[in-house]
Amino acid sequence: MINIYQPSLGEEEVSAVREVFQSNWLGYGRNGTKQDEFVNKFASAIGDIDTDCMTTISCCSEALFQSIGAYISPGDEVIMPSISFIATANAVVHHKGIPVFCDVDRHTLNPNVSDIEKCITDKTRVVVIIHYAGAPCDIKGIVALCKRHGIILIEDNASSPFAKVDGQNTGTFGDMGLWSFDPMKIITTGDGGMIYSKDLDILQHIKYNTYLGLKSSGSTNAVDKKWWEFNIETPGSKSTMNDLSAAIGIQQLQKLQSFMLTRKRMHELYDELLKDIEWLSVPPSTADNVESSYYMYYIQTHDATDRDNLAKYLRDHGVYTTFRYYPLHWVEYFSEFKSTHELSNSEYAAMHTLNLPLHQDITESDVRQIVELINSYKKETKSV
Ligand SMILES: *Cc1c(COP(=O)(O)O)cnc(C)c1O
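First things first, this report covers the structure right here in the doc. (Residues numbered from 1 in each chain as written. Predicted model: local features only at pLDDT ≥ 70, side-chain atom pairs only at ≥ 80, totals over all residues. Heavy atoms only, no water.)

Another aspect to go through is the overall build of the chain. The secondary structure content of the chain amounts to twelve helices and 13 strands. Against the compact-globule benchmark of 21 Å for 384 residues, the chain has a radius of gyration of 22 Å, which places it among compact chains. In the chain, buried positions account for 54% of the 384 residues. Working note: accessible area of the chain is about 17,300 Å², and carbon and sulfur atoms make up 50% of it. Of the side chains in the chain, 34 bear a positive and 50 a negative charge, and the two mean positions are spaced by 2 Å. (Helix = DSSP H or I, 4+ residues; strand = E, 2+ residues; numbered from the N terminus. Rg over C-alpha atoms; globule rule 2.2 N^0.38 Å. Buried < 20%, exposed > 50% of the residue type's maximum accessible area, 1.4 Å probe, protein only. Areas by Shrake-Rupley, 256 points an atom, 1.4 Å probe, with all protein chains shown as cover. Lys, Arg positive; Asp, Glu negative; His and termini not counted. Charge placed at Lys NZ, Arg CZ, Asp CG, Glu CD.)

Right, let's talk about the layout of surface pockets for a bit. There is about 550 Å³ of room inside the largest pocket. Lining the largest pocket are 28 residues; nearest its centre among them are A135, P284, S285, T286 and A287. Going through the elements one at a time, α6 (139–149) and α9 (256–274) are the ones with two or more residues in the lining of the largest pocket. Element by element, the count of residues in the lining of the largest pocket is highest for α9, at three residues. Of the residues in the lining of the largest pocket, the class split is 15 nonpolar, eight polar and five charged. Structurally, the lining of the largest pocket is a two-domain feature, drawing no fewer than three residues from each of domain 1 (11–254) and domain 2 (256–383). (1 Å grid on protein atoms, 1.4 Å probe; cavity = no way out; pocket = protein on both sides within 12 Å on 5 of 7 lines; lining within 4 Å. Points joined across faces, edges and corners; volume = space filled by probe spheres on them. Nonpolar A, V, L, I, M, F, W, Y, C, P; charged D, E, K, R; others polar. Domains from an automatic or database assignment.)

Printed below as a string of structure tokens:
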């Protein structure tokens, strides 16, 4: 089976983990451990960001819960594209807010400024966007819109790490940016995430909230005091990253350039081999001032039944495909949040889009084989 996503881990990660075993410090440490090194290296990988504005976290879903929770009160509205990751809506409902689903462009699957603008009311507190498949949305237009209305902008950057607009990394345009390092993402730490926040008070609150609310732990108390005494700032839970994950992340960052190059090459090869097939479309090419992170490759069949049948055909022939992200307004649980806004482009995308395998261990011959199967699917269905 050719996987749709898979991690690339090697000896370097194994040695890094062994080193952490030997250090005897496996958990979360705020000072001088693998966490700090990972934050420093990640911050420079996304363009010399101030490390005071960043923290690691257990995963990006938790980052969505924490960031949305930090900003909303019960009854507040949070706008998100219907084509978003499920945790975004879960987090809003969990914090007793109201998720408002906006439409997207049917070919880029990213929201336009006007899609978001239509949904703004005097209860709108936060907008959460993604950059679909790694290709940046009109982030500058969306930042301006949110500024104009005094709305907080959170970039769920899980699917677009290291993508850029005018040389600036996505995830650093909004008030907050969130990254994921789960095993399906470009770089992985097993599970893990990163938060960037322009508001240091909010970031400090999240740090307390994700580490039991502890103001100071024993080891940072003065030695002349009883070091087992402590106080808490807030009744927090625990969702920190551990040093095993951070150590893996440091190694993954070293390989980033080669990962990105492979993805770009395979993306371009798909484009070249598929662009002349008349019954499907390849993703729109990105503008000159943006760089994609090439997280996902997708096609859109002109006929919706082709999408479903092709997915089955490819799976029967050893190629796993999928569609990300199933529209949130179709999730039955959220039916009470029915939108009054037109979501026809999201629905078009959800019926016509198929994500094809793309990861850094895909070979040129894998891509050629997948394209051959796509072509033979059509030949076989025509002859019946
Ligand atoms: C993977 C993903 C997440 C969730 O990340 P986890 O670290 O697995 O919790 C959130 N948003 C998007 C867009 C994703 O692709």
